[in-house]
Amino acid sequence: MDTPLEACSERLTLRSFDYALVNEQYLSWLHDERVNRYLLKPNKDTTLDDVLAYVRGLVESPDNVFLAILDRATDEHIGNVRLGPMDHESRVCQYSMMIGNADYHGRGVGTETVALAADICFRTLGFRKLFLDVVEENKAAVRIYEKNGFQTEGVLRAHKLLNGRLHDLRIMSLFNPAER
Ligand SMILES: CC(C)(COP(=O)(O)OP(=O)(O)OC[C@H]1O[C@@H](n2cnc3c(N)ncnc32)[C@H](O)[C@@H]1OP(=O)(O)O)[C@@H](O)C(=O)NCCC(=O)NCCS
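Residues numbered from 1 in each chain as written. Predicted model: local features only at pLDDT ≥ 70, side-chain atom pairs only at ≥ 80, totals over all residues. Heavy atoms only, no water.

Under an unreviewed UniProt entry, the chain has the name Protein N-acetyltransferase, RimJ/RimL family and belongs to Paucidesulfovibrio gracilis DSM 16080.

What follows is the structure, encoded as structure tokens:
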């Protein structure tokens, strides 16, 4: 997607991803057990080239928006949001995120990020519905989506093999409040 996007809250900036942010710090997040525990793709053996390929795939895709989460006070890169894949015809968009710098966990950053990203998705990009899947055990994630008004549509039972164990996946969604 070509148009640069940006949204700010008191503490955070959400901005279209810049390739300069693909660096050792970003890679280290993927190797951090506090961050990768519930992520759905293998991350332990990921290299910087893998990260670059992943980012390029999203930045160049017409069906995805990839955003960096920055600490507004310092401009430090602390995580990412992916809006996509997008179904432009049905105006439905998938959501995923990662607060990669674990020093920022448990401080309300995730909750604030979801609100900013939903605003971009609905008001700027004009989608009708956001949805996501989340590992049921990832209670912090489920909580931040609930706090932002997401509702559970269902649970895919014993659906995802992660770290040698099958996990339930909860499907959650949020409708554009302006279209309800
Ligand atoms: C999951 C994640 C986005 C949460 O972000 P965060 O900034 O740490 O979350 P917040 O501080 O905004 O809120 C966490 C909420 O979960 C609650 N919580 C945390 N652990 C919990 C647990 N084990 N059980 C119940 N609630 C829990 C907190 O109390 C808080 O709720 P509250 O504000 O009502 O007290 C972040 O930890 C992350 O990116 N993790 C790694 C990647 C990931 O899991 N991404 C999500 C994929 S769907």
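### Thoughts on the overall build of the chain
Looking only at helices and strands, the chain features five helices and eight strands. Listing the helices and strands of the chain from first to last along the sequence gives β-β-α-α-α-β-β-β-α-β-α-β-β. In summary, the chain has a C-alpha radius of gyration of 16 Å against a globular reference of 16 Å for 180 residues, a match within 12%. In terms of overall dimensions, the chain has a C-alpha envelope of 45 × 40 × 30 Å along the principal axes. The burial tally for the chain puts 46% of its 180 residues in the buried class. A separation threshold of at least 6 residues defines the contact pool for the chain, and within that pool the share at least 24 residues apart is 61%. (Helix = DSSP H or I, 4+ residues; strand = E, 2+ residues; numbered from the N terminus. Rg over C-alpha atoms; globule rule 2.2 N^0.38 Å. Buried < 20%, exposed > 50% of the residue type's maximum accessible area, 1.4 Å probe, protein only. Contact = heavy atoms within 4.5 Å.)

### Some words on the site of the ligand
The environment of the ligand is formed by 21 residues, the closest being Ile99, Gly108, Gly110, Thr111 and Lys147. Between the ligand and the protein, one listed contact pairs an oxygen atom with a backbone N or O atom of Gly110 at 2.7 Å. Within the complex, 69% of the 970 Å² of free accessible area of the ligand lies under protein. In this structure, the ligand is accommodated by the largest pocket. Of all the elements in the fold, those that place two or more residues in the shell around the ligand are β5 (92–99), α4 (109–124) and α5 (139–147). (Near = heavy atom within 4 Å. Polar contact = N/O pair within 3.5 Å; in protein donor to acceptor, adjacent residues only side chain to side chain. Areas by Shrake-Rupley, 256 points an atom, 1.4 Å probe, with all protein chains shown as cover. 1 Å grid on protein atoms, 1.4 Å probe; cavity = no way out; pocket = protein on both sides within 12 Å on 5 of 7 lines; lining within 4 Å. Sits in = over half its atoms within 2 Å of the grid points.)

### Side note on α5
Of all the positions in α5, only Ala141, Val142, Ile144 and Tyr145 are classed as buried. Buried residues in α5, looked at end-on, bunch into an arc of 165 degrees, giving them a common side. Exposed and oriented more than 90 degrees from the buried face of α5 are Lys139 and Ala140. If you follow the buried residues of α5, they end up packed against β5, α4, β6 (129–135) and β8 (165–175). Positive phi shows up at Gly149, right after α5, with a value of about 95 degrees. (Arc of directions from axis to C-beta.)

### Some thoughts on the packing of aromatic side chains
Within the structure shown, the criterion is met by six aromatic pairs. Ring centres 5.4 Å apart and planes at 55 degrees place the aromatic pair Tyr145 and Phe150 in the tilted group. Taken individually, Tyr145 and Phe150 each receive the classification buried, so the pair is uniform in this respect. Each member of the aromatic cluster is reached from another via a ring pair, and the members are Phe17, Tyr26, Trp29, Tyr54 and Phe66. Taking the ring centre of Tyr104 as reference, the NZ or CZ of Arg107 above it sits at 4.7 Å. (Phe/Tyr/Trp six-rings, centres within 6.5 Å; stacked < 30°, edge-to-face > 60°. Lys NZ or Arg CZ within 6 Å of the ring centre and 35° of its normal.)

### Structural notes on the nonpolar core
One finds Val81, Leu83, Tyr95, Leu130 and Tyr145 to be the most contacted residues of the largest nonpolar core, which totals 35 residues. Secondary-structure elements contributing two or more residues to this core are β2 (12–16), β3 (65–71), β4 (77–87), β5, α4, β6, α5 and β8. Take this core: its biggest share by element is eight residues, from α4. If we skip the residues at most four places from it in the chain, Tyr95 touches Val81, Arg82, Leu83, Thr113, Val114, Ala117, Leu130, Phe131, Leu132 and Tyr145. (Core = buried A, V, L, I, M, F, W, Y, C linked by side-chain atoms within 4.5 Å.)

### Remarks on the side chain of His77
For His77, the location among the structural elements is in strand β4. On the accessibility criterion, His77 (4% relative accessible area) is buried. Here His77 is in contact with Phe17, Leu21, Gln25, Tyr26, Trp29, Ala68, Ile69 and Leu70, once residues within four sequence places are set aside.

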